[in-house]
Structures are given as structure tokens and as C-alpha cells.
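Given next are the chains, with one letter for each unit.
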Amino acid sequence: MDIGLVGLGKMGGNMRERLRRAGHTVVGFDRNPDVRDADSLADLVDKLPSPKVVWVMVPAGDPTRETVSALRELLGEGDVVVDGGNSRWTDDLLHADQLAEKSIGFVDCGVSGGVWGLENGYALMYGGEPEHVEKVQPIFDALKPEGDFGAVHAGKVGAGHFSKMVHNGIEYAIMQSYAEGWELLQKVEMVDNVTEVLRSWREGTVIRSWLLDLLVAALDEKPNLEGIRGYADDSGEGRWTVEAGIEHAVATPAITAALYARFVSRQDDSPAMKAVAAMRNQFGGHAIRTEPPVGGDANPG
């Protein structure tokens, strides 16, 4: 089938290639003229037969909102817009309503797979009305991994991105657990080869996973992760998962702790921990680690 693809970055570019390998015709648009097939959104729409399907793969937030608004003016009755970025599910509801005013369908699709998706396929979680999903189904079938799993029509509009949001919240917690386990193994003297311990967990254990495989691959490159700063950003979906848990009275302590750990990672010297250290010193006389005076030594605590 024919499809328009807006956004040809690392994910979008690989998705275009995977779709073309599956025999689909993809017209891509990107701000980078070196990679695009159309010179503008209007040109992209003109190049597609009707009913038109346009997949938006740009950063969440304003870039996605602006793209969907522009497509609303270019597309017509029976066409479908797919948002495959990491948009918040609440935006999906607004986009679906805006497009429905012109009888344009909307499907939200959470996509997981990263740079490996070109060869391995992408895990897809999509939401929308069945008649709109049906128009996009050949594209979903081409992008998903081989086999019976890896793609799901999760429910109505918003269900795809909500499912992907929870997926990413779980990802935060799993990565934090592996990271804490690695640090603890590194600390003790009796474990001689931490990387090999982690590698042994890749087969036969209940905690084996692709994330564990990737951690071992990173340690093979840099056994002590040298040169990597202990700083981890968050894409927003971890926060949204915690907020959704609060809204629905669902406790998410592991995901919340993992999110907060990322916040702590951004501080070279945590102000909160300074206050904790000061209080411990006040009530118990516990030593405080201080900065060394000029020409002197720090209090080692």
C-alpha cells in the first residue's frame, strides 16, 4: 500500500526502509532535504492515492500538534492520520476530535524497538476505531516482529500511547534494578568478574531479558563503564505513568523510585542530601563530609 511518513530521523528513516523492503510505497517528508521524498507536507499529500494514510513520526508535544493541525487542512474524508511518536494519550483525544470534524480518522501508535527495529521489527501498541485501524493494518503487519506477538490493537483512541507509557514506566524500573545490582556487585571484593556474572544470567534465569543483554554488551565495550557520566534523562513517559497511577489510585512504587533516581542523577551534589547529612550530625553527631579548605584536607566523614 501507499503511505506518507513525516519524520525521517533514526526511527522514521529505518521504518521507511523496513516498509519498502516489505513492498510498500513510502513517501517521506523531513526538514532535512537530503533524506526526504517530498518537498512539503502538501507535496507529500499530493503524491498519495486516496484514501490517504499519513504516519507522523516527529517529537511529541508541539511538533506533533503542529503537524497534525497542518494535515487536518490537507487531508479529507476517509483519510487516516497515525501518530507514532511518544505523545501523551490525552493529546490523542484532542487530535481525534479535531480530525473527526473533517471525517479524517486517527490512530495512535506506541512504537518500541529503537535502532534495532529495522532488522528485528517494532513492537506496536495502537488505539483507534476498528475501521481506521483496518486501513493501516498492512503497515502494522510489515513493521511488527516476525511471529504471533509484538503488535496489539489495545483499544479505543489513546489506548496505544497509554500502553506504551506504561511499557516505558516498567522499563524505567527494570533498568534501575539492573543498574543497582551491577553497582552492588562492583562494590564487593569477593566477586572477581562482574560482567561474566551478568552474562551468566542471560540464560536459564527468571531475570533474563533484552535489557540485560544490552547491559552486558555495554560492559563488554567498557568493563567499568568508564567515560560515561552517571546522568540519566527522562523522556516524560515515566512521569506520566506515575501521574496516571496517582490519578487512578494505583501504587507504582518501583516505577516512581526509578524516576526519582534519574532526578538525583542530575545533581553533582544533592542539596537534599546536604540537609540529611546536617540533620544526622545534629541529632547523632554523625560526621559530615566537607569540602577541603585551601591547602588542607577534607573531613572524610
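That block above? That's the structure.
We now turn to the structure provided with this report. (Residues numbered from 1 in each chain as written. Predicted model: local features only at pLDDT ≥ 70, side-chain atom pairs only at ≥ 80, totals over all residues. Heavy atoms only, no water.)

1. Observations concerning unusual backbone geometry
Following Ser-50, the chain continues to Pro-51 via a peptide bond in cis, the omega torsion being -5°. Within the secondary structure, Pro-51 is located in the loop between α2 (41-46) and β3 (53-56). One non-glycine residue, Leu-225, lies in positive phi territory at about 55°. Residue placement: Leu-225 occurs in the loop between α9 (210-221) and α10 (237-247). The residue Ala-249 is not glycine, and still its phi comes out positive at about 55°. Position of Ala-249 relative to the elements: it lies in the loop between α10 and α11 (253-265). (Helix = DSSP H or I, 4+ residues; strand = E, 2+ residues; numbered from the N terminus.)

2. Some thoughts on the pattern of salt bridges
Summed over all chains, the structure comprises 17 salt bridges. Among the ionic pairs, Asp-62 bridges to Arg-65, the shortest N-O distance being 2.8 Å. Of this pair, Asp-62 and Arg-65 both sit in helix α3 (residues 62-74), separated by 3 residues, roughly a single helical turn. On the basis of relative accessible area, Asp-62 is assigned to the partly exposed category, the value being 48%. Given a relative accessible area of 35%, Arg-65 falls into the partly exposed group. For the salt bridge of Arg-266 with Asp-233, the shortest nitrogen-to-oxygen distance reads 3.5 Å. Of this pair, Arg-266 sits in the loop between α11 and α12 (271-284) while Asp-233 sits in the loop between α9 and α10, and the two are 33 residues apart along the sequence. (Salt bridge = Lys/Arg side-chain N within 4 Å of Asp/Glu carboxyl O. Buried < 20%, exposed > 50% of the residue type's maximum accessible area, 1.4 Å probe, protein only.)

3. A closer look at the packing of aromatic side chains
Following the criterion strictly, the structure yields 5 aromatic pairs and no others. Aromatic side chains Trp-89 and Phe-162 sit 5.7 Å apart centroid to centroid with 75° between the ring planes, which places their arrangement in the edge-to-face category. Of this pair, Trp-89 sits in helix α4 (residues 89-100) while Phe-162 sits in helix α7 (residues 159-187), placing them 73 residues apart in sequence. Overall, the relative accessible area of 27% leaves Phe-162 in the partly exposed class. With 3.8 Å between their ring centres and 5° between their planes, Tyr-126 and Phe-140 make a pair best called stacked. (Phe/Tyr/Trp six-rings, centres within 6.5 Å; stacked < 30°, edge-to-face > 60°.)

4. Details of the nonpolar core
Residues Trp-55, Val-82, Cys-109, Leu-124, Val-136, Phe-140 and Leu-143 are the most contacted members of the largest nonpolar core, which totals 24 residues. Those elements that place two or more of their residues in this core are β1 (2-6), α1 (10-21), β3, β4 (80-83), β5 (105-112), β6 (123-127) and α6 (130-143). Per-element tally for this core: the top contributor is α6, with 6 residues. Dropping the residues within four chain positions of it, Leu-143 is found in contact with Met-15, Arg-18, Leu-19, Trp-55, Gly-121, Tyr-122 and Leu-124. Judged by nonpolar contacts, the second largest core, of 20 residues, contains Leu-71, Ala-96, Ile-104 and Val-157. (Core = buried A, V, L, I, M, F, W, Y, C linked by side-chain atoms within 4.5 Å. Contact = heavy atoms within 4.5 Å.)

5. Some words on the pairing of β5
Remember that side chains alternate between the two faces of the sheet whenever the strand is regular. For β5, the tally of buried residues reaches 8 of 8 residues, placing the bulk of the element in the interior. With burial as the criterion, each face of β5 is covered, one bearing Gly-105, Val-107, Cys-109 and Val-111 and the other bearing Phe-106, Asp-108, Gly-110 and Ser-112. Each parallel crossover has a hand, and the one from β4 via α4 to β5 is right-handed. Pairing of β5 with β6, which is carried by 5 bridges, proceeds in the antiparallel orientation. (Right-handed = clockwise from strand over helix to strand, strands pointing away. Pairing = 2+ DSSP bridges.)

6. Things to note about the sheet that holds β3
Pairing is mixed in the open sheet, where 7 strands are placed in the order β2-β1-β3-β4-β5-β6-β7. Two strands lie at the open edges of the sheet, namely β2 (25-29) and β7 (151-155), each paired on one side alone. Between one strand axis and the next, the sheet turns by 25° as a mean value, whatever way the strands run. Strand contacts of α3: β1, β3 and β4, with the helix running at about 165° to β3, the strand carrying the most contacts. (Axes fitted to C-alpha atoms, helices over the stretch in contact; angles between N-to-C directions.)

7. What to know about the pairing of β3
The side-chain alternation of β3 yields two buried faces, one formed by Val-53 and Trp-55 and the other by Val-54 and Val-56. Note that β1 and β3 share 3 bridges and pair parallel. Within β3, the position partnered with Val-6 by the bridge is Val-56. Handedness of the β3-α3-β4 crossover: right-handed.

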